[in-house]
Amino acid sequence: FGSGRKKACRVVELRLDTGDVTVLFKSRQCVGLALSPKADFLAAVSQRTLFIYSLRRKKLVKQHHQRPLTTVTFHPHDPYLATGDSIGQIVLWYG
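Overview of the structure.

**Comments concerning unusual backbone geometry**
At step 1: Its identity is not glycine, yet glutamine 47 carries a phi of approximately 55°, on the positive side.
At step 2: Position of glutamine 47 among the secondary structure elements: in the loop between strand E4 (41–46) and strand E5 (49–54).
At step 3: For glutamine 47, a relative accessible area of 35% gives the class partly exposed.
At step 4: At lysine 58, a position not held by glycine, the phi torsion is positive, near 60°.
At step 5: With respect to the secondary-structure elements, lysine 58 resides in the loop between E5 and strand E6 (59–64).
At step 6: For lysine 58, a relative accessible area of 44% corresponds to the partly exposed category.

Structure, rendered in structure tokens:
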């Protein structure tokens, strides 16, 4: 961060009991990362894509947006998340 260069990222799961490392997803550039309040979902934004990974089901869902995404966060109590894009638009993602 801070160098101005775009770097690839990998989001991994590290099993402390076994030492196993599993790549959950990878992207050319991650600009935001969030963990849901119950720690059952992990979300990341990269360019125009929202990645949502279910830690319980071990399933990845990708959602695409019209403009580059810049941030992601989960609601602290309700089951949805919000993303922000390059022009300041906020999108709420349900279900």
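**A closer look at the pairing of strand E3 (residues 32–35)**
At step 1: Side chains Gly32 and Ala34 of E3 all project onto a buried face; the interleaved residues Leu33 and Leu35 project onto a face where none is buried.
At step 2: Where E3 lies against E4, four bridges are found, and the strand directions are antiparallel. Counterpart to glycine 32 in the pairing with E4 is valine 45.
At step 3: A loop of five residues connects E3 with E4, the two strands running antiparallel in sequence, and alanine 39 in this loop sits at a positive phi of about 60°.

**Considering the pattern of salt bridges**
Between side chains of opposite charge, pairing is possible as soon as their charged atoms come close.
At step 1: Tallied over the entire structure, the rule returns four salt bridges.
At step 2: Taking the shortest distance from any N to any O, the salt bridge between glutamate 13 and lysine 58 comes out at 3.0 Å. In this pair, glutamate 13 is assigned in strand E1 (residues 9–14) and lysine 58 in the loop between E5 and E6, connecting sequence segments 45 residues apart.
At step 3: With a closest N to O distance of 3.7 Å, aspartate 40 and arginine 56 form a salt bridge. A residue pair is termed long-range when its members are at least 10 positions apart, and aspartate 40 in the loop between E3 and E4 and arginine 56 in the loop between E5 and E6 qualify at 16 residues.

**Thoughts on the sheet that holds E5**
At step 1: Taken together, the four strands give an open sheet; going across it, the order is E3-E4-E5-E6, and neighbouring strands pair in antiparallel fashion. Each edge of the open sheet is held by one strand with a lone partner, namely E3 and E6. Across the sheet, the mean angle from the axis of one strand to that of its neighbour is 15°, orientation sign disregarded.

**A few points about the nonpolar core**
At step 1: Ala34, Ala43, Val45, Leu50, Ile52, Leu69, Val72, Phe74, Leu81, Val91 and Trp93 together form the largest nonpolar core, which totals eleven residues.
At step 2: Sorting the residues of this core by element identifies E4, E5, strand E7 (69–74) and strand E9 (90–94) as the ones contributing at least two each.
At step 3: Ranked by the residues each element gives to this core, the list is headed by E7, at three residues.
At step 4: Non-local contacts of leucine 69, meaning those with residues more than four positions away in its chain, are made with Val31, Val45, Gln47, Arg48, Thr49, Leu50, Thr83, Gly84 and Asp85.

Basis of the calculations
- Residues numbered from 1 in each chain as written.
- Predicted model: local features only at pLDDT ≥ 70, side-chain atom pairs only at ≥ 80, totals over all residues.
- Heavy atoms only, no water.
- Helix = DSSP H or I, 4+ residues; strand = E, 2+ residues; numbered from the N terminus.
- Buried < 20%, exposed > 50% of the residue type's maximum accessible area, 1.4 Å probe, protein only.
- Pairing = 2+ DSSP bridges.
- Salt bridge = Lys/Arg side-chain N within 4 Å of Asp/Glu carboxyl O.
- Axes fitted to C-alpha atoms, helices over the stretch in contact; angles between N-to-C directions.
- Core = buried A, V, L, I, M, F, W, Y, C linked by side-chain atoms within 4.5 Å.
- Contact = heavy atoms within 4.5 Å.

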